[in-house]
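These are the residues of each chain, in order.
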Amino acid sequence: MAGASTPGVAGAYTPGTDRFGPFSRFAGALRADCFVLADARVAALHPPVARLLRHRDSLAIRGGEGSKSLAVLERVLTRARALSRDGTFVCIGGGSIGDLGTVAAHLLKRGVRLVHVPTTLLAAVDSSLGGKGALNLAGAKNLAGVFHFADEVWICTDFFATLSEAQHRDGRIEAFKMAVTLSPDRSGVWRHQDPPLSRLIREARALKAAVCARDPYERLGQREVLNFGHTLGHTLEALNAPAISHGAAVRLGIACALDVGRALGATPEDLARDVEARIEALGAAKVPHLRRDLARALSPHPTEAMFELFRVDKKARAGEIRMVLLQSWGRANVRPVPTTLLRRLTRAWREGRRP
Ligand SMILES: NC(=O)c1ccc[n+]([C@@H]2O[C@H](COP(=O)([O-])OP(=O)(O)OC[C@H]3O[C@@H](n4cnc5c(N)ncnc54)[C@H](O)[C@@H]3O)[C@@H](O)[C@H]2O)c1
Ligand SMILES: [Zn+2]
């Protein structure tokens, strides 16, 4: 995994190709030597997917956090065992199916070609790009994972018609995260209003693709900023699954990261207020309830359960908690965060207060 590009090794970093078009065009172009892993709900809602599954070696499973487990991985690998080493593993679903399928494609025959067909907005703007796949273990999010880059991603916007409003918001939150951490230019525009769907997808993907090209294996500290909102976000998601979606947890996690940034003097107060107002607007209720939502997600759980999950966060080093903090529109970095500060802020978060 050393070089940025290792030609000939399936899953090693290459920029990959984005294709936009109807699902029928993808299905028509799909070669015979493939295995298709699909979200069962997507197959039920979209007959062309069900048809494809009948005509290919395939498995449909229920999407969501429960699918990111070793037990489900074993089912997938067993079912896909006949795929040849130069065959193609196809994932049709949201981020959960994509994460599971990425791990499976990495392990199967020591790595096979991977193609994603994201069916949620979140997967289209974020998880289908960048090569990460992971499983949840011991109650912790994404504890065991791999880098395995897809050769192609097919964006078929037909799928987004069956997403709920909340699922659309989840995708917009991850897209906003991309702009706010990576691009002074785009965040300057998006802070006022999201672009229309197809532009949002293309721009978010372009931002993520550029940072992945510079730091594909997250070794240089550049790509790490995409974890903005994810230290608390993953903790809240793990503690409350399946009641809180990934996108909803990241929204709350961003509010926490802004509070930490303000307390450490890393995030200017006016910037924190503006970003908080934007993520407030990406919430479910017409009346803003960001702080109440955060208190509800934290208060049923002992504070120690939260700190236990911080200790296994991927950004932690030698027991030190590290978080992505926002410095200005489009600029963020990773900094150590004292446990005493997090304990003080947690008290306010649990009580629904802005610290
Ligand atoms: N690998 C990465 O870089 C990366 C980045 C961001 C998020 N993620 C992961 O992505 C996961 C979240 O993914 P997600 O938000 O896409 O949801 P998901 O895959 O968990 O799916 C959520 C629900 O949406 C349903 N669904 C999927 N497509 C649908 C459609 N077109 N219409 C109706 N329902 C549909 C699924 O059946 C499921 O019930 C988390 O596990 C997160 O950790 C990974
Ligand atoms: Zn995320």
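All figures in this text were calculated on a predicted structure; none of them were measured in a lab. (Residues numbered from 1 in each chain as written. Chains lettered and ligands numbered in written order. Predicted model: local features only at pLDDT ≥ 70, side-chain atom pairs only at ≥ 80, totals over all residues. Heavy atoms only, no water.)

Draft legend 1. Quick peek at unusual backbone geometry. That bond from Ala241 to Pro242 is cis: its omega, 0 degrees, falls within 30 degrees of zero. Structurally, the position occupied by Pro242 is in the loop between α10 (230–240) and α11 (246–263). A positive phi angle, near 50 degrees, is found at Lys109, a position not held by glycine. Topologically, Lys109 is positioned in the loop between α5 (95–107) and β5 (113–118). If you check the backbone angles, Arg110 has positive phi at about 60 degrees while not being a glycine. Within the secondary structure, Arg110 is located in the loop between α5 and β5. When its relative accessible area of 75% is taken as the criterion, Arg110 is described as exposed. (Helix = DSSP H or I, 4+ residues; strand = E, 2+ residues; numbered from the N terminus. Buried < 20%, exposed > 50% of the residue type's maximum accessible area, 1.4 Å probe, protein only.)

Draft legend 2. Structural detail: the site of ligand 1. Around ligand 1, a shell composed of 26 residues is seen, among which Glu65, Ser96, Thr120, Lys141 and Gln167 lie nearest. Measuring from a nitrogen atom of ligand 1, one finds a backbone N or O atom of Lys132 at 3.0 Å. Separating an oxygen atom of ligand 1 from a side-chain N or O atom of Gln167 is a distance of 2.7 Å. In isolation ligand 1 has 870 Å² of accessible area, and contact with the protein removes 88% of it. Among the elements of the structure, α2 (40–45), α5, α6 (121–127), β7 (140–147) and α7 (165–182) are those that each provide at least two residues to the shell around ligand 1. (Near = heavy atom within 4 Å. Polar contact = N/O pair within 3.5 Å; in protein donor to acceptor, adjacent residues only side chain to side chain. Areas by Shrake-Rupley, 256 points an atom, 1.4 Å probe, with all protein chains shown as cover.)

Draft legend 3. Quick peek at the nonpolar core. Grouped together as the largest cluster of nonpolar side chains are 104 residues, with contacts concentrated most on Phe26, Phe89, Ile92 and Trp349. The leading source of residues in this core is α11, at 9 residues. (Core = buried A, V, L, I, M, F, W, Y, C linked by side-chain atoms within 4.5 Å.)

Draft legend 4. Spotlight on the pairing of β7. Two elements, strand β6 (residues 132–137) and β7, share 5 bridges in a ladder whose sense is antiparallel. Looking at β7, one finds that Ala134 is bridged to Gly145. Here β6 folds back onto β7, and the loop between the two strands holds 2 residues, one of which, Ala138, carries a positive phi near 50 degrees. (Pairing = 2+ DSSP bridges.)

Draft legend 5. Focus on the sheet that holds β5. Overall, parallel pairing links the 6 strands, which are arranged β1-β8-β5-β4-β2-β3 in an open sheet. The open sheet has two edge strands, β1 (17–20) and β3 (57–61), and neither has a second partner. In this sheet, neighbouring strand axes are inclined to one another by 15 degrees on average, regardless of whether the strands run parallel or antiparallel. In this structure, β1 lies alongside strand β8 (residues 152–155), joined through 4 bridges in parallel fashion. Its bridge partner lying in β8, Asp18 is registered against Val153. Against the sheet, helix α3 (residues 47–55) makes contact with β2 (34–39), β3 and β4 (88–93), and its axis sits at roughly 145 degrees relative to β2, the strand it touches most. (Axes fitted to C-alpha atoms, helices over the stretch in contact; angles between N-to-C directions. Contact = heavy atoms within 4.5 Å.)

Draft legend 6. Quick peek at empty space enclosed by the protein. Throughout the structure, instances matching the rule amount to 1 cavity of 30 Å³ or more. Taken as a whole, the largest cavity spans an internal volume of roughly 40 Å³. Of all elements in the fold, only β4, β5 and α6 reach the threshold of two or more residues within the lining of the largest cavity. Top contributing element to the lining of the largest cavity by residue count: β5, with 3 residues. (1 Å grid on protein atoms, 1.4 Å probe; cavity = no way out; pocket = protein on both sides within 12 Å on 5 of 7 lines; lining within 4 Å. Points joined across faces, edges and corners; volume = space filled by probe spheres on them.)

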